[in-house]
Amino acid sequence: MKTLHDHYDVLVAGGGQAGLIAAIVAAEKGAKVCLLEGAPRTYRGGNTRHTRNLRPLHIGPLSVLSGTYDEAEYWEDLLRVTKGKTNERLARMTLRKSAEAVSWLEQRGVQFQPPLGGTLHLGRTNAFFMGGGKQLLNALYRHAEKLGIEVHYDAMVTAIDIENGTFKRLHVGDHVISAKAFVAAAGGFEANIEWLKEAWGDIAENFLIRGTPYNRGGLLRLLLDHGAQQIGEPNQCHAVAIDGRAPKFDGGICTRVDCVSLGVVVNENAERFYDEGEDFWPKRYAIWGRLVADQPNQVAHVIIDQKSKGGFMPPVFPATTANSIDELARKIGLDADVLQKTIADFNAAVQPGAFDHTTLDGLCTNGLAVNKTNWARPIDQPPYSAYSLRPGITFTYLGVEVTEKAAMKMADGSQSPNIFAAGEIMAGNVLGQGYLAGIGMTIGNVFGRIAGSEAADYALNR
């Protein structure tokens, strides 16, 4: 790799949404910008290319969004999923600044579409990209090109020079590049199985990685080794239950199984282990990867009947189907007698009531060791369907601590004057645990804009 220059105003590592936005904002402010993307061009964009939406605050209808989603409700939703493990100051700032995200993207060529229905419940809260994350990336890369931003692919950072918290230069193999300001936006370490095993133990070998295989945490490790303040825990991550037939890496969002709230989930012993109807799916889907990870051999199965067909977006792989629970059990390798008893006990425990998947309908079971608190209907109408589940890791929450201006904090209590961070590499400041659908893209959008602006201001002495 050879850059056009050896020195830039702003150097950005990471070509996903957060890094792209930081580069665009810096260039729009007049900075000479170079963006380094560690992946090949065909895989550019990190996990952004697998995304579908972001979650913006809005008072009244906004673009494709209906109604109002104000700070109080947004904060309550975030607090519920993180269980308070969040930096409230940074989180509230993120929520407030998210109100600008949709219009900012639209002004730079990104298009949105009306949301999907079924189990997603996102028509009021989440803005969906027309054509998904790849369309968003293509639009932003086109805009970056118009601004003259220099972009390099296959440009993984291999070394970095930081003196007293100040960025000096970095290395991409033998090539050395310096800059007045640096933006770290190169993602987490979810594709680094050995690093995952340090936190999870050997069970991490059974994890599937939904996102890019290029997020191995190289830059994150370099920053931590050079004195950055760590935020978050290494075993906290966005982990969802995905189809067990998904590839080891890069399966993306189409491998997610979204019918959990409409059925029952059993482990390899054919026993239920958690409330499938605890809350709306976008507020709970990201706990199911961890739940499945705690089961024998990190495997589970979701079982639905004919009533639930058409109520969710089907994953890319077809379900295993059968005309009886006995037959279904044998097809998916479970003890038929135990599964029949589990389903029979569940059916007998379902209480009377009206099913309404658009609300927390209170249709529940009673008397079970693990009750289902909403959307509980008997599994009694063949054909029956099953999807096998494995933990799918999207991104990790271990990262670098930042300020409200996206400046990276150092372990000695100082903050770097010219290193800024955006996206997954700092998402742990807001996400201590849990996940809220679309919040990852929101964090990347907000902190990308802040990091790019602050980096440009520093570089241009403003």
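Everything numeric in this text was worked out from a predicted model, so none of it was measured.

(A) Seen up close, the pattern of salt bridges. Taken as a whole, this structure holds 27 salt bridges when the rule is applied. With a shortest N-O distance of 2.8 Å, Arg92 and Glu88 are connected by a salt bridge. Here Arg92 pairs with Glu88, and both are found in helix 3 (residues 88–97), just 4 residues apart, close to one helical turn. Of the residues examined, Glu88 reaches a relative accessible area of 41% and is grouped as partly exposed. Across the pair Asp258 and Arg256 runs a salt bridge, and its minimum N-O distance is 2.7 Å.

(B) Molecular detail of the packing of aromatic side chains. According to the stated counting rule, one finds 13 aromatic pairs in the structure shown. Arranged with centres 5.7 Å apart and planes meeting at 40 degrees, the rings of Phe280 and Trp375 form a pair that is tilted. Here Phe280 is found in the loop between strand 13 (264–267) and helix 8 (281–284), whereas its partner Trp375 is found in the loop between helix 11 (336–349) and strand 16 (384–396), with 95 residues between them in sequence. Each member of the pair, Phe280 as well as Trp375, carries the same accessibility label: buried. Three or more aromatic residues joined by ring pairs make a cluster, and in this case those are Phe273, Tyr274 and Trp288. One residue, Lys32, lies across the ring of Tyr8, its end atom 5.7 Å from the ring centre. Taking NZ or CZ as reference, Arg44 lies 3.9 Å from the ring centre of Tyr141, over its face.

(C) How the structure looks around the nonpolar core. Judged by nonpolar contacts, the single largest core of 134 residues is most densely connected at Val10, Leu105, Leu170, Phe182, Leu223, Val400 and Phe447. The biggest single contributor to this core is helix 12 (residues 439–459), with 10 residues. Both of domain 1 (8–236 + 397–460) and domain 2 (239–392) provide at least three residues apiece to this core. Ranked by size, the runner-up nonpolar core spans 19 residues in total, among them Ile325, Leu328, Ile332 and Leu339.

(D) Structural context of the side chain of Asn429. One can find Asn429 in the loop between strand 19 (415–421) and helix 12. The class for Asn429 is buried, based on a relative accessible area of 3%. Polar side-chain contacts of Asn429 include one of 2.7 Å to the backbone oxygen of Met426. When near neighbours in sequence (up to four residues on either side) are disregarded, Asn429 contacts Thr86, Asn87, Leu90, Ile231, Val400, Glu401 and Val402.

Criteria and thresholds
Residues numbered from 1 in each chain as written. Predicted model: local features only at pLDDT ≥ 70, side-chain atom pairs only at ≥ 80, totals over all residues. Heavy atoms only, no water. Salt bridge = Lys/Arg side-chain N within 4 Å of Asp/Glu carboxyl O. Helix = DSSP H or I, 4+ residues; strand = E, 2+ residues; numbered from the N terminus. Buried < 20%, exposed > 50% of the residue type's maximum accessible area, 1.4 Å probe, protein only. Phe/Tyr/Trp six-rings, centres within 6.5 Å; stacked < 30°, edge-to-face > 60°. Lys NZ or Arg CZ within 6 Å of the ring centre and 35° of its normal. Core = buried A, V, L, I, M, F, W, Y, C linked by side-chain atoms within 4.5 Å. Domains from an automatic or database assignment. Polar contact = N/O pair within 3.5 Å; in protein donor to acceptor, adjacent residues only side chain to side chain. Contact = heavy atoms within 4.5 Å.

What is shown is where atoms sit, not what they do.
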